[in-house]
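What follows is the residue order along each chain.
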Amino acid sequence: MTNALDTMIAAQPAALEALADPEPTARPAALLDAATRIWLVGTGTSQHAAELGADALLDAGRDARWVPAAGFTDRLLRPGDAVVVISHTGQTAYALRARRIALGAGAPLLTIAGPDAGAGEKSEPAPMSGQRAETVRTPVAETSETYTVSYTAALAVLAQLAHHLGAPGCGPEAIRAAAGRVRAVLDSPEPAEVPIPGRAMAITGPGAWSVTAREGALKIREGARILCEGFDPERLLHGAAVPYTSADALLVLQPAADPDGLTAAVADAARQAGLHVSTLAEPPSALPGLLAQIPMTVRLQLLALRFARMRGQNADLAITGPWAEPSLWRLGAP
């Protein structure tokens, strides 16, 4: 079990290197360049990509905002807006609806999708006269339901877009450097110092690392079927930590990146409360915020894989039983 997840995790350095070529994202970036405001839209893992992508576009001096796909409505759009929809399969119900809303409003539309995506496009309205719609396809189709390579590939695409729009440090060399860091992570021992929790696990980190905490928690939930939640340290402190006991664990990401020291202080409080506290930290690098998340994300993917194997879970089939009922997954589709 979990053979596909293992293969997908290992595919990430090559996928990132393939996306280091800036040419395929030049025209899509031009579509966004004229926008006065950019909406980034996604569901689940793709929402995490939207959050980090919006932050990178802010570094390019753009008014960029993320929103969950289910929360994207035509009420948000105004003249001058552009929309970026992130959906690896191209079949996610609310992503399809977001595309239809953008097309119906005449807003410039960019879709970041996997190589086999495209279902539902034939039923969409054609772009309006003069409206532009572009698609950037990532190079690897997922074969495990615990998505990995599609996420880090989408981050590389977003980094290229930010680079074209003026964000410092997000260009081809930085993407190649991120691919090199991922290779180093894959070549290093698994984070065995992070034990499997007795009951539940929380993951926390400052700033962009909190997005990675939530993405890592999602992989552990999907792959290993362990109760795991990701938080920024302020939210963890303000009530979210209350139910955790000595049966639980806290994983802290990059505490030195917190200028206020709150992440480290929350970790100390967790130790005093009897939780097992572990830390994962990437070595200092020149990678910008979005790309710096990629090697840490891979560390968490490996942790999810290890936990899945320890518990005898099939991480390649994440959604089962009533949760896999097709009618649930069609709700919200246009």
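Higher on the page you've got the structure.
Residues numbered from 1 in each chain as written. Predicted model: local features only at pLDDT ≥ 70, side-chain atom pairs only at ≥ 80, totals over all residues. Heavy atoms only, no water.

Engineer: Looking at this structure, I do not really get the side chain of serine 144. What am I missing?
Structural biologist: Turning to its location among the elements, serine 144 is positioned in the loop between β5 (133-137) and α6 (149-164). Polar contacts involving the side chain of serine 144 include one to the main-chain carbonyl oxygen of alanine 315, which spans 3.3 Å. Side-chain polar atoms of serine 144 contact the side chain of aspartate 316, separated by 2.9 Å. Residues contacting serine 144, with those up to four places away along its chain left out, are Ala4, Leu5, Met8, Ala315 and Asp316. (Helix = DSSP H or I, 4+ residues; strand = E, 2+ residues; numbered from the N terminus. Polar contact = N/O pair within 3.5 Å; in protein donor to acceptor, adjacent residues only side chain to side chain. Contact = heavy atoms within 4.5 Å.)

Engineer: Teacher, can you tell me more about the sheet that holds strand β1 (residues 37-42) here?
Structural biologist: Working definition: the strands of a sheet are paired by backbone hydrogen bonds and lie parallel or antiparallel to each other. Read from one edge of the open sheet, five strands run β2-β1-β3-β4-β5, paired in parallel fashion. Edge strands, defined here as strands with exactly one partner in the open sheet, are β2 (64-68) and β5. For this sheet, the mean inter-axis angle between neighbouring strands, taken without regard to orientation, is 20 degrees. Of the pairings in the sheet, the one linking β1 to β2 comprises five bridges and is parallel in character. Across the sheet, residue valine 41 finds its bridge partner in β2, namely valine 67. Along the sheet, α6 contacts β1, β3 (81-86), β4 (109-113) and β5; its crossing angle with β4, the most-contacted strand, is approximately 145 degrees. (Pairing = 2+ DSSP bridges. Axes fitted to C-alpha atoms, helices over the stretch in contact; angles between N-to-C directions.)

Engineer: Where do I start with the sheet that holds strand β8 (residues 249-253) in this structure?
Structural biologist: Read across the open sheet, the four strands follow the order β7-β6-β8-β9; overall the sheet is parallel. Edge positions in the sheet fall to β7 (227-231) and β9 (276-280), since each has one partner strand and no second. Across the sheet, the mean angle separating the axes of adjacent strands is 20 degrees when strand polarity is ignored. Across the sheet, helix α8 (residues 208-224) touches β6 (200-204), β7 and β8, and the angle it forms with β7 is around 170 degrees. Against the sheet, helix α11 (residues 289-311) contacts β6, β8 and β9, and its axis sits at roughly 155 degrees relative to β8.

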